[in-house]
Amino acid sequence: MSDIRDSSLAPSGEKKIAWACRNMPLLNNLVKEFSVTKPFKGLKVTLSVHMEAKTAYLCRVLQAGGAEMHVTGCNPLSTQDDVAAALAAGNSHTGGSDAGIDVYAYHAATPEEYERHLTAALETGPNIIIDDGGDLVNLLHTKLTHLLPNILGGCEETTTGVMRLNSMAREGSLKFPMITVNNARCKYLFDNRYGTGQSVWDGINRTTNLIVAGKNVVIAGYGWCGKGISMRARGFGARVIVTEIDPVKALEAMMDGFDVMPMAQAAKLGDLFITATGCRDIITKEHFDVIKDRAVLCNAGHFNVEVDVQYLDSHAARRTEQKPNIMGYTLENGKTLFVLAEGRLVNLASGDGHPVEIMDMSFAIQALSAKYLADNRGKLAVGVIPVPEEIDTAVALKKLSACGLSIDALSPEQKKYLASWGV
Ligand code: NAD
Ligand code: SAH
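Residues numbered from 1 in each chain as written. Chains lettered and ligands numbered in written order. Predicted model: local features only at pLDDT ≥ 70, side-chain atom pairs only at ≥ 80, totals over all residues. Heavy atoms only, no water.

### Topic: the overall build of the protein chain
Point 1. The number of helices and strands found in the protein chain is 17 helices and 15 strands.
Point 2. Taking 22 Å as the expected radius of gyration for a compact globule of 423 residues, we find that the protein chain reaches 22 Å, a close match to that expectation.
Point 3. The C-alpha extent of the protein chain, read off along each of the three principal axes, is 70 × 65 × 45 Å.
Point 4. Expressed as a percentage of its 423 residues, the buried residues of the protein chain come to 54%.
Point 5. Nonlocal contacts in the protein chain, meaning residues at least 24 apart in sequence, comprise 72% of its contacts between residues at least 6 apart.
Point 6. Surface exposure of the protein chain reaches about 18900 Å², of which carbon and sulfur atoms provide 55%.
Point 7. Distance between charge centres in the protein chain, computed from 42 positive and 47 negative side chains, equals 3 Å. (Helix = DSSP H or I, 4+ residues; strand = E, 2+ residues; numbered from the N terminus. Rg over C-alpha atoms; globule rule 2.2 N^0.38 Å. Buried < 20%, exposed > 50% of the residue type's maximum accessible area, 1.4 Å probe, protein only. Contact = heavy atoms within 4.5 Å. Areas by Shrake-Rupley, 256 points an atom, 1.4 Å probe, with all protein chains shown as cover. Lys, Arg positive; Asp, Glu negative; His and termini not counted. Charge placed at Lys NZ, Arg CZ, Asp CG, Glu CD.)

Quick look at the structure:
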């Protein structure tokens, strides 16, 4: 039984899914293949990913492959209620062949409701989980350990989730195989860099409607996401400042042409701040005290702890909502700072997330990794498993072909030459 906000919103959600579907050639191929081969026949899949149109289509692809799907979100603010309604309704009434799927998610769920939704999706007893950030894995290893015996394995979508899996594996507490989808080249090189690079700016621009050109934009973290955000900031005409803790990444940012300095220094200069570190306490009281009046702060990394919104909530002299997703905090010193989307992922809480074609690649890897788990049930070692290279290569080749591109192949002589060591 679904737990959604409003089933009457389904027609609007169905249009969003249909638009995504028209622009996802890799998932379109997989839906055709899976409808015949049924790799998930007899298996239950629980998925916790941002509940929006591209994710809904992934759910239908897995369902077409025979999976019994149970679906929830992975962030209380990124669920789109119309999409959740459409997925729950199915599309047979609009001429499609997709049956309704149980969805447990609604926008702006409280922390208790959010956990209740994750729990409901898990209590169906999945064999495979698809996680984004580690919430499902966490519950299965803490409050819902009785469900562990059913689990064949799972897939993790994002950098922070993978870091957590690595920590669990290091201390020997991870209880089943988890495939690190984020670490596939066809994922992080495109999703984290170009996806975040575009969608973060879409989220900021549609929310603030302010000019970027000529402003000082401070970007914390020069990983894959930070690189994408910085590259696009330059395109908008911003002066870009990068903060880092890794000396190599800091040098990379410097040679890419950006200013590099500690946050304590950057705080005094920035007009717009974007965090993308996966770490905590990036912008805190010491920075709030010196940041310019009317600066805008937002986050693109996992969780709402990169900008210390909790401090602002409890210490600001005044808190005034400017418009949806922009909160003004007036400090004791009289300055006002604007925080977007409660310091949660600005591209998803205040936008539609990554572009469709990017999620086509990420979700093709998800679908093929889930199939790998099903095909190899009982054979995989407990622990963290990389995406098989064949999946990465197949996705790249399919994407090239969808773009109408082909590439060269090594001749036997070239292969021999590259494998040799003599002159
Ligand atoms: P990454 O590991 O490639 O990059 C993170 C960077 O932050 C590293 O270079 C690291 O040195 C730096 N860093 C860490 N702590 C720091 C600190 N205290 N100050 C300054 N820099 C610091 O990771 P990534 O793939 O770029 O992902 C970053 C975060 O964004 C993760 O939490 C990830 O889950 C999330 N993510 C979000 C989206 C999205 O749609 N918004 C997409 C992909 C990933
Ligand atoms: N639960 C965490 C998840 C981190 S989100 C949180 O809410 O903080 C980061 C992941 O979101 C990325 O790895 C990316 O693949 C995914 N993502 C980005 N845009 C998306 C979209 N439009 N639909 C679904 N997932 C998306």
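Read on, since the account is not over.
### Notes on the sheet that holds strand β1 (residues 44-48)
Point 1. Overall, parallel pairing links the seven strands, which are arranged β3-β2-β1-β4-β5-β6-β15 in an open sheet. One side of each edge strand has no neighbouring strand; the edge strands of this open sheet are β3 (102-104) and β15 (383-386). Each strand of the sheet is rotated relative to its neighbour by a mean of 20 degrees, with strand direction disregarded.
Point 2. Two strands pair when backbone bridges link them, and strand β2 (residues 68-72) and β3 are joined in this way by three bridges, in the parallel orientation. (Pairing = 2+ DSSP bridges. Axes fitted to C-alpha atoms, helices over the stretch in contact; angles between N-to-C directions.)

### Let's talk about the packing of aromatic side chains
Think of a pair of aromatic rings as described by two things: how far the centres are apart, and how the planes are tilted against each other in angle.
Point 1. Inspection of every chain in the model, using the stated rule, returns six aromatic pairs.
Point 2. Measuring from centroid to centroid gives 5.1 Å for Y188 and W224, while their planes differ by 45 degrees, and the two rings are tilted. With Y188 in helix α8 (residues 185-208) and W224 in helix α9 (residues 224-235), this residue pair connects regions lying 36 residues apart in the sequence.
Point 3. Sitting over the ring of W224, K227 keeps its end group 4.9 Å from the ring centre. (Phe/Tyr/Trp six-rings, centres within 6.5 Å; stacked < 30°, edge-to-face > 60°. Lys NZ or Arg CZ within 6 Å of the ring centre and 35° of its normal.)

### Details of the site of ligand 1
Point 1. The full set close to ligand 1 counts 27 residues, and T159, T160, E244, A300 and N347 are the nearest of them.
Point 2. Within the side chain of T158, a nitrogen or oxygen atom sits 2.8 Å from an oxygen atom of ligand 1.
Point 3. A distance of 3.0 Å separates an oxygen atom of ligand 1 from a polar atom in the side chain of K249.
Point 4. Burial of ligand 1 by the protein amounts to 86% of the accessible area it has alone, namely 860 Å².
Point 5. Listing elements by their share of the shell around ligand 1, those giving two or more residues are α7 (159-170), α8, α9 and α14 (346-349).
Point 6. Looking at side-chain class alone, the shell around ligand 1 contains 10 nonpolar, 14 polar and three charged residues. (Near = heavy atom within 4 Å. Polar contact = N/O pair within 3.5 Å; in protein donor to acceptor, adjacent residues only side chain to side chain. Nonpolar A, V, L, I, M, F, W, Y, C, P; charged D, E, K, R; others polar.)

### Let's talk about the environment of N333
Point 1. Tracing the backbone shows N333 in the loop between β13 (326-330) and β14 (336-340).
Point 2. The class for N333 is partly exposed, based on a relative accessible area of 39%.
Point 3. Taking the C-alpha atoms as reference points, N333 and V290, 43 residues apart in sequence, are found 9.6 Å from one another.
Point 4. For N333, the residues in contact, after removing those within four places along its chain, are F288 and D289.
Point 5. Of note is the side chain of N333, whose polar atom sits 2.9 Å from the backbone nitrogen of K335.

### Considerations on the pattern of salt bridges
Point 1. A complete count under the given rule lists 16 salt bridges for this structure.
Point 2. With a closest N to O distance of 2.6 Å, K143 and E115 form a salt bridge. With K143 in the loop between α6 (135-141) and β5 (153-156) and E115 in helix α5 (residues 111-122), this residue pair connects regions lying 28 residues apart in the sequence.
Point 3. Since its relative accessible area comes to 56%, K143 is described here as exposed.
Point 4. The closest approach of N and O atoms between R206 and D202, which form a salt bridge, is 2.8 Å. In this pair, R206 and D202 are both assigned in helix α8, four residues apart and thus about one turn of the helix distant. (Salt bridge = Lys/Arg side-chain N within 4 Å of Asp/Glu carboxyl O.)

### Looking at the packing of helix α2 (residues 25-37) against helix α3 (residues 53-64)
Point 1. Taken N-terminus to C-terminus, the directions of α2 and α3 make an angle of 20 degrees; their axes are 8 Å apart at the nearest point. One finds that α2 runs roughly parallel with respect to α3. In this structure, α2 contributes L27, N28, L30, V31, F34 and S35 to the contact, and α3 contributes Y57, L58, R60, V61 and A64.
Point 2. Here the residues of the contact of α2 with α3 are counted per class, giving eight nonpolar, two polar and one charged. (Parallel < 35°, antiparallel > 145°, perpendicular 65-115°, else oblique.)

The values reported here are purely geometric and, on their own, carry no functional implication.
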